[in-house]
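Each chain, letter by letter, is given below.
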Amino acid sequence: MTEGHTPGGSSTREGVISFGPFRLYPAARALEKDGIPLALGHRALDILLVLAERPGEVVSHRELLTRVWRDLVVDPSNLRVHINGLRRALGQGDGDGKERYIANIVGQGYSFVAPVTRESASESPPQLPEYPCGAARQRLVLPPALTRMVGRSETVRVIVADLIAERFVTIIGPGGIGKTTVAVSVAHAMAEEFNGGVCFVDLSTVTDSRLVAVTIASRLGLTVQTEEVLPALMLCLRALRILLVLDNCEHVVEAVATLAERIFQEAPGVHILATSREALRVEGEHAFWLAALESPPADGSVRAVEAVGYPAVALFMDRAAASGSHLELTDDDVAVVAAICGRLDGIPLAIEFAAARVGLHGLVGTAELLKTRFGLQLPGRRTAVPRHQTLHALLEWSYGLLSSAEQLVLRRLAVFVGPFNLDAAHAIACDSALDAAQVIGALEGLVAKSLVSATTPGGATRYRLLETTRVYAQEKLDESSEKAAIARRHATYFASSLAALEDVAEMSEHLGNMRAALEWAFGSGGESAEVRAPAVALAASAVPIFLELSLLLECYKWSAAGLERLDSTTRGSEQEMVLQEALAESATWALANHERARGALTRAVEIAQDLGDTPRRFRLLVGLHIFRMRIGEIRGSLAVAEDLAAAARAAGDSAYGALADCLIGGSQHFLGNQEAARRHLEQGLSMQRVLDLRLFGLGTRLRALVELARVMWMSGFPDRAVAVAREALSVAEKSNRPLSVCFSFVYTTPLFLWCGDHRTARQMLEKLMAHPNWHALPSMHATGFALLGALQIREGEVAHGIELVRQAVARLRADRQNLLLMGAVLTLAKRLAGVGCFDEALAVVQEALADTGADGERSHLPELLRVQGEILFTRPQPDEAGAELALERSLGIAREQGALAWQLRTATTLARLRAQQGRAREGRERLTAIYARFTEGFDTPDLVEARRLLEASI
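Residues numbered from 1 in each chain as written. Predicted model: local features only at pLDDT ≥ 70, side-chain atom pairs only at ≥ 80, totals over all residues. Heavy atoms only, no water.

Our next topic: the overall build of the protein. In terms of regular secondary structure, the protein is built from 43 helices and 17 strands. Sorting the 954 residues of the protein into buried and exposed places 58% on the buried side. Here the contacts in the protein between residues at least 6 apart in sequence split such that 69% fall between residues at least 24 apart. Summed over its atoms, the accessible surface of the protein is roughly 37600 Å², and 50% of this surface lies on carbon and sulfur atoms. (Helix = DSSP H or I, 4+ residues; strand = E, 2+ residues; numbered from the N terminus. Buried < 20%, exposed > 50% of the residue type's maximum accessible area, 1.4 Å probe, protein only. Contact = heavy atoms within 4.5 Å. Areas by Shrake-Rupley, 256 points an atom, 1.4 Å probe, with all protein chains shown as cover.)

Bringing the sheet that holds strand E11 (residues 242-247) into the picture now. Taken in spatial order, the 5 strands line up as E10-E11-E12-E9-E13 in an open sheet, and their pairing is parallel. One side of each edge strand has no neighbouring strand; the edge strands of this open sheet are strand E10 (198-202) and strand E13 (286-289). Here the strands of the sheet are splayed against their neighbours by 15° on average, with no regard to which way each runs. Relative to strand E12 (residues 270-276), E11 runs parallel, the two being bridged by 5 bridges. (Pairing = 2+ DSSP bridges. Axes fitted to C-alpha atoms, helices over the stretch in contact; angles between N-to-C directions.)

The next thing to look at is unusual backbone geometry. Phi is positive for Asn-195, which is not a glycine, with a value near 50°. Looking at where Asn-195 falls in the secondary structure, it is placed in the loop between helix H6 (179-189) and E10. Classification of Asn-195 as partly exposed rests on a relative accessible area of 36%. Notably, Asp-345 is not glycine yet its phi reads approximately 60°, a positive angle. If you trace the backbone, Asp-345 turns up in the loop between helix H12 (331-343) and helix H13 (348-355). Residue Asp-345 is classed as buried on the basis of its relative accessible area, which comes to 1%.

Attention now goes to the sheet that holds strand E7 (residues 109-112). One open sheet holds the 3 strands; their spatial order is E5-E7-E6, and the pairing between them is antiparallel. Among the strands making up the open sheet, the edge pair consists of strand E5 (58-60) and strand E6 (102-105). Each adjacent strand pair in this sheet contributes to an overall mean axis angle of 30°, direction not counted. Pairing geometry for E6 and E7, over 4 bridges, is antiparallel. Bridged to Ala-103 within E7 is Ser-111. Sheet strands in contact with helix H1 (residues 42-52) are E5, E6 and E7, and its direction is about 70° off that of E7. Docked against the sheet, helix H2 (residues 61-69) engages E5 and E7, running at close to 70° with respect to E5.

Quick look at the packing of aromatic side chains now. Under the definition given, this model contains 19 aromatic pairs. Between Phe-416 and Phe-420, the aromatic rings sit 4.3 Å apart at their centres with planes inclined by 15°, giving stacked as the arrangement. When sorted by exposure, Phe-416 lands in the same class as Phe-420, which is buried. Ring plane angle 75° and centroid distance 5.2 Å describe the contact between Trp-713 and Trp-902, whose orientation is recorded as edge-to-face. Note that Trp-713 is positioned in helix H31 (residues 700-714) and Trp-902 in helix H41 (residues 900-916), a separation of 189 residues in sequence. (Phe/Tyr/Trp six-rings, centres within 6.5 Å; stacked < 30°, edge-to-face > 60°.)

Across all of its chains, the model carries 53 salt bridges by this definition. Taking the shortest distance from any N to any O, the salt bridge between Glu-154 and Arg-157 comes out at 2.9 Å. Of this pair, Glu-154 and Arg-157 both sit in helix H5 (residues 153-166), 3 residues apart, roughly one helical turn. Among the salt bridges present, the one from Arg-241 reaches Glu-193, with a minimum N-O distance of 2.9 Å. Of this pair, Arg-241 sits in the loop between helix H8 (229-237) and E11 while Glu-193 sits in the loop between H6 and E10; the two residues are 48 residues apart in sequence, bridging distant segments of the chain. Pair check on accessibility: Arg-241 and Glu-193 agree, each one buried. Salt bridges here are not isolated pairs; linked through shared partners, they connect Lys-830, Glu-863, Arg-866, Glu-870, Arg-905, Arg-912, Asp-942, Glu-945 and Arg-948. (Salt bridge = Lys/Arg side-chain N within 4 Å of Asp/Glu carboxyl O.)

In this section: the confidence of the model for the protein. Of all residues in the protein, 90% have pLDDT values of 70 or greater, and the mean over the chain is 85. A low-confidence stretch, residues 8-13 stays under pLDDT 50, and its non-local contacts, those more than four residues away or across chains, total 10 contacts. Considering only residues more than four positions removed or in separate chains, one finds that residues 373-387, a stretch of pLDDT under 50, has 29 contacts. (pLDDT = per-residue confidence, 0-100.)

Here Ser-559 is to be found in helix H24 (residues 552-564). At 2.7 Å, the side chain of Ser-559 forms a polar contact with the backbone oxygen of Cys-555. Every residue in contact with Ser-559, bar those within four places of it in the chain, is listed here: Val-543, Leu-579, Ala-582, Leu-583 and Ser-586. (Polar contact = N/O pair within 3.5 Å; in protein donor to acceptor, adjacent residues only side chain to side chain.)

Right, let's talk about the side chain of Ser-667 for a bit. Take Ser-667: it is sitting in helix H29 (residues 654-671). The buried category is assigned to Ser-667, whose relative accessible area is 0%. If sequence neighbours within four positions are ignored, Ser-667 has contacts with His-625, Met-629, Ile-634, Ser-637 and Leu-638.

Looking now at the pairing of E11. Among the 6 residues of E11, 6 are classified as buried, and the element is accordingly described as predominantly covered. Covered by surrounding structure in E11 are Ile-242, Leu-244 and Leu-246 together with Leu-243, Val-245 and Asp-247, the residues of both alternating faces. Bridging between E10 and E11 involves 5 bridges; their strand directions are parallel. By the bridge assignment for E11, Phe-200 is matched with Val-245.

For helix H17 (residues 422-429), the set of buried residues is Ala-424, Ala-425, His-426, Ile-428 and Ala-429. Its side-chain oxygen at 3.2 Å from the backbone nitrogen of Asp-423, Asn-421 defines the N-terminal cap of H17.

Membership of the largest hydrophobic core comes to 308 residues, with the highest contact counts inside it found for Leu-246, Leu-273, Phe-316 and Leu-413. Setting aside residues up to four positions removed in sequence, Leu-246 forms contacts with Val-201, Leu-203, Ile-216, Val-256, Ile-272, Leu-273, Ala-274 and Thr-275. In terms of nonpolar packing, the next biggest core, distinct from the first, is built from 29 residues, Phe-19, Val-59, Val-68 and Leu-86 among them. (Core = buried A, V, L, I, M, F, W, Y, C linked by side-chain atoms within 4.5 Å.)

Moving on, we come to the packing of helix H26 (residues 596-611) against helix H27 (residues 614-630). When two helices pack together, their arrangement is given by the angle between the helix axes and by the axis-to-axis distance. Close contact between H26 and H27 brings their axes to 9 Å; oriented N to C, the two are set at 160°. Between H26 and H27, the angle is such that the two are roughly antiparallel. The handedness of the crossing between H26 and H27 comes out as left-handed. Contacts between H26 and H27 involve Ala-597, Arg-598, Leu-601, Thr-602, Ala-604, Val-605, Ala-608 and Gln-609 from the first element and Arg-616, Arg-617, Leu-620, Leu-621, Gly-623, Leu-624, Phe-627 and Arg-628 from the second. Taken together, the residues of the contact of H26 with H27 break down into 9 nonpolar, 3 polar and 4 charged. (Parallel < 35°, antiparallel > 145°, perpendicular 65-115°, else oblique. Left-handed = near helix turned anticlockwise from the far one by under 90°. Nonpolar A, V, L, I, M, F, W, Y, C, P; charged D, E, K, R; others polar.)

All right, on to the pairing of strand E3 (residues 30-33) then. In the sheet, strand E2 (residues 22-25) pairs with E3 via 4 bridges, with the strands oriented antiparallel. Looking across to E3, one finds that Arg-23 is bridged to Glu-32. The antiparallel hairpin formed by E2 and E3 contains 4 residues in its connecting segment, where Arg-29 sits at a positive phi of about 50°.

Within the element layout of this structure, Ser-480 appears in the loop between helix H19 (467-479) and helix H20 (483-497). Within the local environment of Ser-480, its side chain forms a polar contact with the backbone oxygen of Leu-477, the two atoms lying 2.6 Å apart.

On to the environment of Glu-922. Its location among the elements puts Glu-922 in helix H42 (residues 920-931). Judged by its relative accessible area of 30%, Glu-922 falls in the partly exposed class. Separated by 11 residues in sequence, Glu-922 and Ala-911 have C-alpha atoms that sit 7.6 Å apart.

With that out of the way, let us pick up the packing of helix H7 (residues 212-219) against H8. At a closest axis distance of 9 Å, the pairing of H7 and H8 adopts a crossing angle of 40°. By the angle class used here, H7 and H8 are oblique. The handedness of the crossing between H7 and H8 comes out as left-handed. When H7 is examined against H8, the residues Ala-213, Val-214, Ile-216 and Ala-217 are found in contact with a partner set consisting of Val-229, Leu-230 and Leu-233. Here the contact of H7 with H8 is composed, by residue class, of 7 nonpolar, no polar and no charged.

Considering the arrangement of structural elements, one finds Asp-757 in the loop between helix H33 (738-754) and helix H34 (758-770). For the pair Asp-757 and Thr-940, spaced 183 residues apart in sequence, the C-alpha separation works out to 8.2 Å. Look past the residues within four positions of Asp-757 in its chain and what remains in contact with it is Arg-726 and Phe-752.

Here it is in structure tokens:
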């Protein structure tokens with residue numbers, strides 16, 4: 001929900017306003033339906049707040065405009081548009097006889113007519129995820145709107161109104177009619193309505209319909225860790241209120257139509273604006289035919305002063321002036337210009353082509369060329385000729401008027417899928433036939449003739465062929481004998497230039513070119529030795545970008561493809577090393593810790609060693625440590641961390657030495673050596689500068705802080721543990737990375753549960769599951785639901801909580817997430833015993849104990865043994881001897897581990913057993929000694945329970 005204000009600045013009443021299935025929270029500016037948060041635009045929400053606070057009263061149009069728009073001067077039609085959108089959001093049709101909430105009182109205003117009840121707000125409303133947030137905000141950069149758009153202002157206004165009211169609009173029309181220009185203007189006009197949540201997806205760069213959903217997910221800033229992208233994307237979209245703009249859909253129309261229909265049906269907060277040469281023809285779509293620009297009659301009846309008011313003429317004159325013509329429209333010229341615009345069917349792009357020729361050929365000369373040279377004398381009524389034929393003929397005409405150098409450059413530039421700069425143009429277009437100066441001259445000529453567009457975002461010039469022009473130029477390239485040579489130059493250029501890209505927006509900008517180059521190099525490019533080396537180089541340059549853009553499956557696909565193309569010249573090279581690392585990272589996340597990741601990392605470390613690339617070897621050792629930790633090979637991970645520490649010392653690299661300390665600390669923690677873990681983690685974290693390395697999607701500093709928080713709690717410092725956990729949350733938030741934010745929620749929640757802070761734990765889980773990226777991170781789902789189940793059990797929802805945890809344990813085992821398994825197992829065992837399922841609880845514990853071998857996760861071993869002992873002496877046929885053995889073993893291991901927190905829990909349980917055996921004094925003495933070692937956290941549940949037991953025995 002957007003951060004809001006009270007309409008008109010007045011104070012809203014506290015509490016909740018209920019009507020039908022809806023609950024409106026004025027203070028929180030939130031609306032829910034049947035307990036589910038409902039997305040509304042801030043104007044629509046303002047209107048609802050004003051009306052619902054005064055049910056049965058008529059609120060005038062003037063008052064609504066004043067309170068909702070405050071000091072802004074707006075067209076009264078804006079109010080009507082937002083009222084219609086609000087009615088639809090509430091499920092109220094126009095005159096459909098369904099339950100009504102808002103009535104139009106003709107000539108007076110509007111009234112809220114549904115029955116309303118008021119109550120105090122006993123709880124916070126469920127929150128919509130804040131979006132865009134973090135990395136997503138960096139990616140939702142709209143293309144720049146034209147500073148002067150001719151003849152489309154009313155069109156933009158109508159489409160904006162339709163989008164608010166109807167949610168799904170497709171702008172249709174032939175190529176060159178200006179669909180993208182209008183869509184960009186609409187997107188900018190609606191940015192405020194969606195609080196910046198406008199996602200513009202240029203599908204002209206997507207050649208494979210299977211990548212439509214993937215591309216949208218990436219543009220939204222999602223890190224998708226699953227092969228099934230569509231379900232994850234839909235789950236995310238259901239929680240958002242955004243405007244999704246799908247531009248240039250015609251070549252992937254079937255895939256877009258299926259997806260858009262599903263989004264419309266299942267994601268009520270998503271409004272869709274598409275552009276296509278044909279309607280998508282699916283449920284919910286409102287097709288908007290983009291009309292041609294109106295021209296005056298060519299019979300001389302209109303004077304010049306009136307003619308410039310026609311958009312076709314205004315555009316013609318504007319583009320003629322831009323091309324260098326000093327044409328001033330006279331009454332005598334009107335008929336000629338009107339004839340040109342009419343002959344070109346009022347298609348903006350065609351008019352631009354023609355106007356760009358006026359400076360060279362003059363007005364009459366341009367008209368004659370159009371009329372005679374290329375057979376564009378159109379028979380019969382103008383509307384009888386399909387406009388796409390007109391544009392194609394215009395392209396033929398424009399191409400024929402180009403110099404040979406311009407023709408050559410234009411068709412070579414058709415290989416670009418998306419924007420390109422001057423260096424790229426040189427790399428593709430220059431050869432023995434054209435030098436750099438000739439290419440620059442030709443490119444300037446193409447820009448002047450509107451065949452290539454040029455923009456300067458951030459001061460750097462970007463060129464681009466409009467999709468219509470690119471398709472035509474591609475046909476010319478296909479007909480030529482140089483198609484393969486140009487494709488090879490394109491692939492070679494991007495193989496060398498991609499590594500220099502650092503900005504996420506720039507990386508996204510080149511996705512189309514990357515994909516096109518890769519498809520050629522690994523497909524139609526063939527298996528020849530001439531292509532093999534550029535293909536491997538291109539893949540090695542591209543896969544880090546796919547990782548950065550969270551396109552994990554594409555990263556895996558192309559890193560695997562690159563590795564298959566290795567030969568004697570590239571095997572053992574830096575390129576292989578990059579490909580192996582990328583394959584390992586993408587396989588770990590997208591393919592659930594796939595075993596191929598281990599082999600890839602091991603091979604990459606070997607190559608780095610052979611090449612003497614010490615920094616890369618260190619980085620890869622960190623990656624291998626993370627992988628082994630994730631699958632629960634803790635002792636193996638310790639060996640890797642110690643290798644890194646030794647290598648860093650030998651190289652005199654204090655930065656990686658500190659990082660190795662953190663890795664050793666993490667391994668020692670999960671092995672159960674808490675004193676060593678604390679020492680290494682604190683030592684490593686003391687060197688702040690080294691811990692900004694991001695590997696496997698997460699920063700090393702964040703990992704270390706999360707582990708230190710756990711170590712602090714187990715070591716008996718709960719207050720300091722909470723402080724470190726909050727620092728970890730802050731680091732994650734500042735990183736602006738969805739994976740880091742979600743990771744911080746998952747890994748700090750157990751700490752808050754251990755400390756009895758259920759409120760903060762619930763907040764963490766609510767934030768986690770409301771995060772836009774949550775649904776795309778299945779690797780975290782089992783742990784998240786296990787924690788939710790634990791919280792529900794503590795809050796009294798025992799049966800549902802147990803079932804959630806039971807399912808989570810099965811999923812964690814299946815996905816080899818052994819590092820996270822023990823916490824869920826403990827929750828399940830304790831709660832099963834709590835509802836009398838002692839045999840099942842014992843079986844769960846015994847299976848977990850079997851998993852805690854010498855190499856596995858042992859930090860929870862004392863607690864596993866404690867729970868085993870507690871079950872044995874509390875079941876209907878108690879086994880006191882077995883319980884005592886388990887508890888004594890638990891206490892001994894906890895002491896060895898330096899885990900004071902586990903010692904306290906076990907001593908408390910043992911004290912209860914001793915009391916049951918008539919040996920209360922013995923149990924109390926041991927508990928007293930352990931309790932006395934604590935210096936903080938006396939209001940946490942374990943210390944409160946221990947103190948209660950001790951005081952009861954006095």
